[in-house]
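Descriptive analysis of the structure
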Amino acid sequence: MVKIMLRWYSQNLTKHQFAMNMVTTGTVFFVGDILSQQVVEKKREDHDIKRTCRSVTVGSFYSTPIIVYLYNFVDKLFGPSQTRLNAIKKIGVLSLFSPLTNAGYVFCNNALQLKPFNETARQIITDVPRIVLTGYSIWFPTHFVLLTAVPLRHRVLFSNLVGVMWTCYLTHASNSASSSASRGSGVERRGEEEEEKL
């Protein structure tokens with residue numbers, strides 16, 4: 001069964017690379033957010049379906065193009081060689097984009113919730129650095145294996161397998177941080193109102 005599924009995936013990946021990567025990445029974000037809510041946050045029957053839909057949407061339409069084009073970009077920049085030195089060069093370039101891509105994820109996630117821009121900016125400034133540093137600890141070794149041993153067309157699938165756990169952390173971190181930012185902005189607004197009354 002697994003062999004049949006892998007064969008089907010490989011055949012369709014050759015014909016429809018971008019579409020298949022959107023499906024696999026969306027699936028990863030779907031599973032990752034469910035794990036985040038049910039295992040980490042233990043929400044059980046209070047599962048936030050809208051949050052899961054947001055995660056799938058951002059994963060499919062924001063993360064997929066970035067993942068695909070970044071891997072293609074570093075391969076064109078340094079060539080397809082899978083030597084260790086070449087892998088280190090590619091990891092260095094990929095790491096430069098990490099703050100931008102994670103900030104973009106938080107921005108898109110908040111935009112789908114219609115959060116105020118100042119609240120989103122505050123969250124990006126306070127929480128994205130922590131998310132990026134955690135990402136480095138996970139993705140540096142992952143990318144080293146990926147860039148030295150995994151063929152280009154299977155790299156998104158490989159990164160998505162590792163990405164299930166990363167997405168579980170990312171959705172938890174971005175949404176819990178978002179809630180904290182909302183509470184913080186609410187406290188600030190109440191404080192301002194009390195000062196006006198005085």
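Keep in mind it's a predicted model, so treat the numbers as computed, not measured.

1. Quick word on the overall build of the protein
Looking only at helices and strands, the protein has six helices and zero strands in total. The N-to-C order of helical and strand elements in the protein reads α-α-α-α-α-α. Contacts spanning at least 24 positions in sequence make up 73% of the contacts within the protein whose residues lie at least 6 apart. Total accessible area on the protein stands at roughly 11,300 Å², and carbon and sulfur atoms take up 68% of it.

2. Looking at the packing of helix α3 (residues 49–78) against helix α4 (residues 84–112)
Contact geometry for α3 and α4: axes closest at 10 Å, N-to-C directions at 160 degrees. Considered as vectors, α3 and α4 are oriented roughly antiparallel to each other. Our pair here, α3 against α4, has a crossing hand that is right-handed. For the contact of α3 with α4, the class distribution of residues is 16 nonpolar, six polar and four charged.

3. Quick notes on unusual backbone geometry
One non-glycine residue with positive phi stands out, namely K42, at about 55 degrees. Within the secondary structure layout, K42 lies in the loop between α2 (17–40) and α3. Unlike most non-glycine residues, R44 shows phi in positive territory, near 55 degrees.

4. A word on the packing of α4 against helix α5 (residues 117–149)
Following both chains from N to C, one finds α4 and α5 inclined at 150 degrees, their axes separated by 7 Å at the closest point. Judged by the inter-axis angle, α4 sits roughly antiparallel to α5. Note that α4 runs across α5; the crossing there is right-handed. Of the residues that constitute the contact of α4 with α5, the class distribution is 17 nonpolar, eight polar and two charged.

5. Re the packing of aromatic side chains
According to the stated counting rule, one finds five aromatic pairs in the structure shown. The interplanar angle of 40 degrees and the centroid separation of 6.2 Å between the aromatic rings of F18 and Y69 together place this pair among those described as tilted. Residue F18 is found in helix α2, and its partner Y69 is found in helix α3; the two are separated by 51 residues along the sequence. Of the residues examined, Y69 reaches a relative accessible area of 54% and is grouped as exposed. Centre to centre, the rings of W166 and Y169 are 5.4 Å apart; their planes meet at 35 degrees, and the pair counts as tilted. One end of the pair is W166 and the other is Y169, both in helix α6 (residues 155–197) and three residues apart, which spans about a single turn.

Calculation criteria
Residues numbered from 1 in each chain as written. Predicted model: local features only at pLDDT ≥ 70, side-chain atom pairs only at ≥ 80, totals over all residues. Heavy atoms only, no water. Helix = DSSP H or I, 4+ residues; strand = E, 2+ residues; numbered from the N terminus. Contact = heavy atoms within 4.5 Å. Areas by Shrake-Rupley, 256 points an atom, 1.4 Å probe, with all protein chains shown as cover. Axes fitted to C-alpha atoms, helices over the stretch in contact; angles between N-to-C directions. Parallel < 35°, antiparallel > 145°, perpendicular 65-115°, else oblique. Left-handed = near helix turned anticlockwise from the far one by under 90°. Nonpolar A, V, L, I, M, F, W, Y, C, P; charged D, E, K, R; others polar. Phe/Tyr/Trp six-rings, centres within 6.5 Å; stacked < 30°, edge-to-face > 60°. Buried < 20%, exposed > 50% of the residue type's maximum accessible area, 1.4 Å probe, protein only.

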